[in-house]
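Next come the chains, spelled out residue by residue.
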Amino acid sequence: MTVTEQQATFDCRQDFAAELIALAREDERIMAVCNDSVGSSNLVAFREEFPRRLINVGIAEQDLVGVAAGLANAGKIPFVCAAAPFLTGRALEQIKADIAYSEAHVVLCGQSPGMAYGELGPTHHSIEDLSWMRAIANLDVLVPADPVQTRAAVRWAAASGRPSYLRVPRFKVPVVTPEGAPFSPGRSVLLQDGDDVTVIAIGSLTSRALQAAASLREDGISVRVLNMPFIDPLDEEAIAAAARETRGIVTAEEATISGGLGAAVASVVVTRHPVPMRILGIPRVFAPTGNTAFLLDHFGLTADGIAAAVRDLLAHG
């Protein structure tokens with residue numbers, strides 16, 4: 001596939017909602033808790049089918065997480081659905097103390113993460129969430145790349161018995177997950193093999209990494225593309241192998257470069273097998289206001305931007 005080719009794209013929130021309803025039909029412990037976000041979390045159909053299993057606490061994110069912890073202690077499996085910037089920013093203390101420290105089986109669902117809220121500006125961008133969530137012990141962090149992984153993440157989180165944070169993408173993406181690909185903690189997905197440079201991507205940047213690899217192949221550059229559905233726990237063995245077997249690593253994420261995927265991969269590389277790296281994401285700035293596609297382009301989070309980082313790494317180490 002070339003950079004200019006188009007693919008069918010999907011809003012993963014719809015797959016999240018469909019899978020949650022399917023789970024709720026199978027398991028009466030499944031509940032949804034939201035913060036006046038029934039519509040934006042795609043919970044309208046869930047509420048219609050299970051009106052007594054949806055709790056709307058209003059715009060009170062600390063209460064949102066506290067109620068979910070109480071439900072988990074009562075044997076329920078709550079899916080906490082809220083806009084990612086407000087869930088992770090306003091309720092960080094409750095996530096740390098009531099969920100992670102207490103090891104409550106709560107699934108925190110950050111809706112519309114990254115820069116999905118685009119035109120609403122920096123107050124609604126959720127670019128710090130991966131850094132915050134990675135810093136908390138006992139909390140798995142999942143970043144699906146497409147509808148297939150979104151459904152798998154919902155299933156896994158419901159069955160895990162552990163606290164987890166799940167990014168639920170809003171920006172439309174194509175399907176990239178191969179049939180039969182693994183979905184489990186500490187397991188990456190090899191989307192394409194190569195021996196010149198490895199690109200490790202998550203979420204909305206995964207399909208763009210594949211597009212970059214396709215364009216680079218035309219120039220004789222062989223790129224290994226790894227997708228990391230879990231950035232905590234991380235697939236350290238795949239990262240170490242990439243460092244040994246290719247000339248360097250490029251990471252790509254729709255998040256700040258301070259503490260997210262790139263930082264996690266770098267911590268493995270520097271201790272296991274140091275190689276040159278390029279970390280693509282959002283620098284420590286507040287993003288301008290504009291739609292998501294514009295913002296991704298503004299920060300070079302495109303197929304062309306990833307390809308340019310690969311070429312720069314090969315040219316300068």
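Refer to the structure presented above.
Predicted model only: the values in this text are computed from it and were never measured.

Draft legend 1. Seen up close, the pairing of strand β6 (residues 164-168). Where burial is concerned, most of β6 is hidden: five out of the five residues are buried. By the alternation rule, side chains of β6 split into S164, L166 and V168 and Y165 and R167, which are all buried. As defined by bridge partners, strand β4 (residues 107-111) adjoins β6 across five bridges and the pair is classed as parallel. Bridged to V107 within β6 is S164.

Draft legend 2. View of the packing of aromatic side chains. One pass over the full model with this rule turns up three aromatic pairs. With 5.1 Å between their ring centres and 85° between their planes, W156 and F230 make a pair best called edge-to-face. Here W156, found in helix α7 (residues 147-160), pairs with F230, found in strand β10 (residues 230-232); they are 74 residues apart in sequence, far enough to count as distant. Under the relative-accessibility criterion, W156 is labelled buried at 18%. Put simply, the rings of W156, F183 and F230 touch in pairs and so form one group of aromatic residues. Positioned above the aromatic ring of F50 is the side chain of R53, whose terminal nitrogen or guanidinium carbon lies 4.5 Å from the ring centre. Of note, R90 hangs over the ring of F86, and the distance from its end group to the ring centre comes to 4.5 Å.

Draft legend 3. Just unusual backbone geometry, in detail. For the bond running from D232 to P233, omega is 0°, close enough to zero to count as cis. The residue P233 is located in the loop between β10 and α9 (236-245) in this model. Positive phi is not limited to glycine here, since N42 has a value of about 60°. Locating N42 in the fold gives a position in the loop between β1 (30-34) and α2 (44-49).

Draft legend 4. Structural view of the sheet that holds strand β5 (residues 140-142). Strand order in the open sheet formed by seven strands is β2-β1-β3-β4-β6-β5-β10, and the pairing between neighbours is mixed. Each edge of the sheet is formed by a strand with only one pairing partner; in this case those strands are β2 (54-56) and β10. Across this sheet, the average inter-strand angle for adjacent strands is 20°, counted without regard to direction. In the sheet, β5 pairs with β6 via three bridges, with the strands oriented parallel. Counterpart to L142 in the pairing with β6 is L166. Along the sheet, helix α3 (residues 61-73) makes contact with β1, β2, β3 (77-83) and β4, crossing β3 at roughly 170°.

Draft legend 5. Spatial organisation of the nonpolar core. Of all hydrophobic cores here, the largest spans 45 residues; its most connected members are L108, I239 and I249. At six residues, the largest contribution of residues to this core is made by α3. In this view, I239 contacts I200, M228, L234, I249, V265, V268 and V269; residues no more than four positions away in its chain are not counted. With 34 residues, the next largest nonpolar core counts A287, L301, A309 and L314 among its residues.

Rules used in this analysis
- Residues numbered from 1 in each chain as written.
- Predicted model: local features only at pLDDT ≥ 70, side-chain atom pairs only at ≥ 80, totals over all residues.
- Heavy atoms only, no water.
- Buried < 20%, exposed > 50% of the residue type's maximum accessible area, 1.4 Å probe, protein only.
- Helix = DSSP H or I, 4+ residues; strand = E, 2+ residues; numbered from the N terminus.
- Pairing = 2+ DSSP bridges.
- Phe/Tyr/Trp six-rings, centres within 6.5 Å; stacked < 30°, edge-to-face > 60°.
- Lys NZ or Arg CZ within 6 Å of the ring centre and 35° of its normal.
- Axes fitted to C-alpha atoms, helices over the stretch in contact; angles between N-to-C directions.
- Contact = heavy atoms within 4.5 Å.
- Core = buried A, V, L, I, M, F, W, Y, C linked by side-chain atoms within 4.5 Å.

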